[in-house]
Structures are given as structure tokens and as C-alpha cells.
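Given next are the chains, with one letter for each unit.
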Amino acid sequence: IGGTSGPDVNTLTEGNNITITNSDGGITIAAASVNSNPFSSVTAINTAGPHTAADGSCYTVDVDTPSTTIAFTLPSASAGQKIKFILNDNGDNTDGMTITCDTNDKFQGYCQFVDTVGSGAPATKIFSANGSQTIFNSQPSAGVDSGGGIITCSAVNSTDWFIEAQLFCQSAGQATTPFS
């Protein structure tokens, strides 16, 4: 390693998002990816289930079978877990999707919701609940049908999920309360 008085035996020091491996005759420097994808798999789901959602998974949920509710249960919360749902509910008023959490877990978060695509004003809902709750319900009885969106569930510790959602609905008056 160079210095003001010439080379000297020494090692380099790692910094944020940098890994350095020193060896005889070599130095390897690696940078962490700043755009890494936290989702290790993408799974298409169009059957009722129930399905147990897995950490690091992204689910594309196609809700198009009449009289079918696609049900997901989140695993027990553990800090750092991240699960994403991409919802396509395209036009039947007897189908839907639900997401529930463990009876000991809590959830909180927000949802940006647009009613009547193209003409409805976006609304933001902040929500919070404790234990054995249905986090999300897109069944018509919950006031959500014929729409879609993205829901991201992130565990912040061993008991709490943080939910972020961007949803839309294609029928006037449908956007009421998709969250418990």
C-alpha cells in the first residue's frame, strides 16, 4: 500500500456497502448492489388455497374465478421479512382475495386507494389492528371489486407487520374499506 514514503505492508479497510478481501498477492473489492431485489421468487396464484406466504416472495394474484376467494396467511413476523402481492381482480363480483396474519401479530400501515380508474380521486387510509386480523379483503362485501394493485408486507420486529398498499377500483362507489 502506497504512502508518502513508499509502499508498506498493510490492509485496506471496508466501508459502507464495500467488502474487501485481502490475500497474499491480491486484494478483492466488491460493492453491495444498491438496487437489489428483496424478492427471491415470483409465484402466480389463481387457486383458493389457503396459501402460506413466504419471506422474500412476490405473488401475482389473478382473481378471476367466480365465487373463489384466494386466501393468504403471513408467516409469524420476524424482523426483515418482506412479502409482495400484485393483485389483478378483473371483473367478477363474487371473487376476491384476503391476507391474514398470525393471532399474535399486529399490523399497521397505509393504503392509497383510487376509486373509478381515470376519474376517482385518490384517498389515503391509515390503519392499525392487533392480533388475528384480516389485513386485506378484496371481496365485494368489503367494498372492493374489479381492480388491482400492489401490497407490500414488511416485518419490522417479531410481532409487527408494516403494510404499504396502492390499490385501484374500476367501479364507482366500490372503494370503501379493504383493511380491517
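Residues numbered from 1 in each chain as written. Predicted model: local features only at pLDDT ≥ 70, side-chain atom pairs only at ≥ 80, totals over all residues. Heavy atoms only, no water.

What follows is about the packing of aromatic side chains. Under the criterion given, the structure shown has four aromatic pairs. Arranged with centres 5.7 Å apart and planes meeting at 20 degrees, the rings of Tyr59 and Phe85 form a pair that is stacked. Taken together, the residues span a long stretch of sequence, with Tyr59 in strand 5 (residues 57-63) and Phe85 in strand 7 (residues 82-89) at a distance of 26 residues. Taken together through their ring pairs, the aromatic side chains of Tyr59, Phe72 and Phe85 make up a single cluster. (Phe/Tyr/Trp six-rings, centres within 6.5 Å; stacked < 30°, edge-to-face > 60°. Helix = DSSP H or I, 4+ residues; strand = E, 2+ residues; numbered from the N terminus.)

This part takes up the environment of Ala79. Residue placement: Ala79 occurs in the loop between strand 6 (69-73) and strand 7. For Ala79, a relative accessible area of 54% puts it in the exposed group. A sequence separation of 81 residues divides Ala79 from Asp160, and the C-alpha atoms of the two residues are 8.4 Å apart. When near neighbours in sequence (up to four residues on either side) are disregarded, Ala79 contacts Ala155, Val156, Asn157 and Ser158. (Buried < 20%, exposed > 50% of the residue type's maximum accessible area, 1.4 Å probe, protein only. Contact = heavy atoms within 4.5 Å.)

This next bit is on the confidence of the model for the protein. On average, the protein scores 76 in pLDDT, and the residues at 70 or more come to 66%. Predicted confidence in the protein is weakest over strand 10 (residues 122-130), with a mean pLDDT of 65, and strongest over strand 4 (residues 51-52), with 91. Throughout residues 172-176 the model reports pLDDT below 50, and contacts reaching past four residues in sequence, or to other chains, amount to 14 contacts. (pLDDT = per-residue confidence, 0-100.)

When you line up the elements, Val156 lands in the loop between strand 12 (147-155) and strand 13 (160-169). When the C-alpha atoms of Val156 and Gln81 are compared, they prove to be 7.8 Å apart, with 75 residues separating the residues in sequence. Sequence-distant contacts of Val156, that is, excluding residues within four places in its chain, are made with Ala79 and Phe162.

With that settled, the discussion passes to the pairing of strand 2 (residues 26-31). Each regular strand shows side chains that alternate between the opposite faces of the sheet. Both strand 1 (residues 18-23) and strand 2 contribute to a ladder of six bridges, which runs antiparallel. The partner of Ile18 across the bridge, within strand 2, is Ala31. A loop of two residues connects strand 1 with strand 2, the two strands running antiparallel in sequence, and Gly25 in this loop sits at a positive phi of about 75 degrees. (Pairing = 2+ DSSP bridges.)

Side-chain pairs of opposite charge can arise where the charged atoms are in close proximity. Here the structure, examined in full by the defined rule, presents one salt bridge. Note that Asp160 and Lys106 form a salt bridge whose closest N and O atoms lie 3.6 Å from each other. In this pair, Asp160 is assigned in strand 13 and Lys106 in strand 9 (residues 106-115), connecting sequence segments 54 residues apart. Residue classification places Lys106 among the partly exposed residues on the basis of a relative accessible area of 32%. (Salt bridge = Lys/Arg side-chain N within 4 Å of Asp/Glu carboxyl O.)

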